[in-house]
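Residue strings, one per chain:
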Amino acid sequence: AGFGAGLGLALASSAFIGGSFVLKKKGLLRLCGRGRARAGQGGHAYLREWLWWAGLLCMGVGEAANFAAYAFAPATLVTPLGALSVLVSAVLSSIFLNEQLNVHGKIGCILSILGSTVMVIHAPQEEEVSSLESMAEKLKDPGFIVFAVCVLVSSLLLIFVAGPRYGQSNVLVYVLVCSAIGSLSVSCVKGLGIALKELFSGKPVLKEPLGWVLLVCLVICISIQINYLNKALDIFNTSVVTPIYYVLFTTAVMMCSAILFKEWQHMVLDNIIGSISGFLTIVSGIFLLHAFRDMPFTPNLLPLFLQPGRADPHPPWSSADRHQSCQHQPLLPSEDKGSQSAEEEE
């Protein structure tokens, strides 16, 4: 029951978040039609547009559902399913915003759905964590402590050493910071979800210091993620940053969850292969959806026999040429043949 609730919340989160982008864009386009100052030019007229507020409300509902999903389902399942929000946004944009969804995008959507289905079927089962006390024991595990220290040290090196040197030219620098810190933020979200479940059941969770520590750590991690993700988006193209960030962030979360909650410890080989295959299929779909989003794919690029309205590139021979063998075709064009005969006469 808990797994089903987490799966349903994750799917609902993707639907709400994907729809929120379309509602916000629709509201901004309505403002452009009225001649008001655009948001990219510093205008704030969108605050008086109800469609924009509807999109913001959908975004809040989606994030809340995503937050609650971590309390019921493994993070290895919830995080990759976030890719479905990109799929929902792309499909709704093609319907309501008349944005072009080319063949690559459609194939990417299909691959994302197939990969998500495979991951749901082979989803790992994490060890039961039902209280803050058990969560505290998990956080004291030596493997997780080593992982957290490695994440913090590598993030500091990326921020203060690699950032000033390569941050403006290499997209991986700031995206790696967001992904590494994001893996710790998901662990904080998981712990806070358990705390909320205990709070609703009547336990005195507010007196537990661990809940407040997780909340402070979550705020710090999210602030760092937003800061460096905005830097990456400001320097590089969105179609480059988004798929790379999704792949690195999901990989980091899967590693952190495997260490903290021992999700892969009791899995059989076919489930491990299925989970990895589903994740790689989602990655391929997101790549096709983003990398070729602005590339026009017209029917002229198709093979000739697939192009609508085109004549057969190899028409049947006429009756006069039907019995003529290819061996009797002239080896030289008529002009070359005439010049050759003239030379022979000379």
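Rules behind the numbers
- Residues numbered from 1 in each chain as written.
- Predicted model: local features only at pLDDT ≥ 70, side-chain atom pairs only at ≥ 80, totals over all residues.
- Heavy atoms only, no water.
- UniProt positions renumbered as here; feature names shortened; annotations may be inferred.
- Phe/Tyr/Trp six-rings, centres within 6.5 Å; stacked < 30°, edge-to-face > 60°.
- Helix = DSSP H or I, 4+ residues; strand = E, 2+ residues; numbered from the N terminus.
- Axes fitted to C-alpha atoms, helices over the stretch in contact; angles between N-to-C directions.
- Parallel < 35°, antiparallel > 145°, perpendicular 65-115°, else oblique.
- Left-handed = near helix turned anticlockwise from the far one by under 90°.
- Contact = heavy atoms within 4.5 Å.
- Nonpolar A, V, L, I, M, F, W, Y, C, P; charged D, E, K, R; others polar.
- Buried < 20%, exposed > 50% of the residue type's maximum accessible area, 1.4 Å probe, protein only.

- Named according to an unreviewed UniProt entry, the chain is NIPA2 protein originating from Rhagologus leucostigma.
- Regarding the chain, the relevant UniProt record gives this comment under Sequence similarities (unreviewed entry): "Belongs to the NIPA family."
- In its Subcellular location (unreviewed entry) section, the UniProt record describing the chain reads: "Membrane".

## Looking at the packing of aromatic side chains
The way to describe two aromatic rings as a pair is by their centre distance and the angle between their planes.
Then comes step 1: All chains considered together, the criterion is met by one aromatic pair.
Then comes step 2: Here Tyr 174 and Tyr 228 contribute two aromatic rings whose centre-to-centre distance is 5.6 Å and whose plane-to-plane angle is 40 degrees, an arrangement assigned as tilted. Within this pair, whereas Tyr 174 is found in helix 8 (residues 172-200), its partner Tyr 228 is found in helix 9 (residues 209-235), the two being separated by 54 residues in sequence.

## Focus: the packing of helix 5 (residues 103-121) against helix 11 (residues 269-291)
Then comes step 1: Running from N to C, helix 5 and helix 11 point in directions that differ by 160 degrees, and their axes come no closer than 7 Å. Between helix 5 and helix 11, the crossing angle belongs to the class labelled roughly antiparallel. Both helix 5 and helix 11 take part in a crossing whose hand is left-handed. Of the residues in helix 11, those in contact with His 104, Gly 105, Ile 107, Gly 108, Cys 109, Leu 111, Ser 112, Gly 115, Ser 116, Val 118 and Met 119 of helix 5 are Gly 274, Ser 275, Gly 278, Phe 279, Thr 281, Ile 282, Ser 284, Gly 285, Ile 286, Leu 288 and Leu 289.
Then comes step 2: A breakdown of the residues in the contact of helix 5 with helix 11 according to their chemical character gives ten nonpolar, twelve polar and no charged.

## Quick word on the side chain of Thr 250
Then comes step 1: Inspection of the secondary structure assignment puts Thr 250 in helix 10 (residues 238-260).
Then comes step 2: In contact with Thr 250, other than residues within four places in its own chain, are Thr 79, Pro 80 and Phe 279.

## Re the environment of Phe 249
Then comes step 1: With respect to the helices and strands, Phe 249 occurs in helix 10.
Then comes step 2: Given a relative accessible area of 15%, Phe 249 falls into the buried group.
Then comes step 3: In this structure the C-alpha to C-alpha distance between Phe 249 and Leu 176, which are 73 residues apart in sequence, comes to 8.0 Å.

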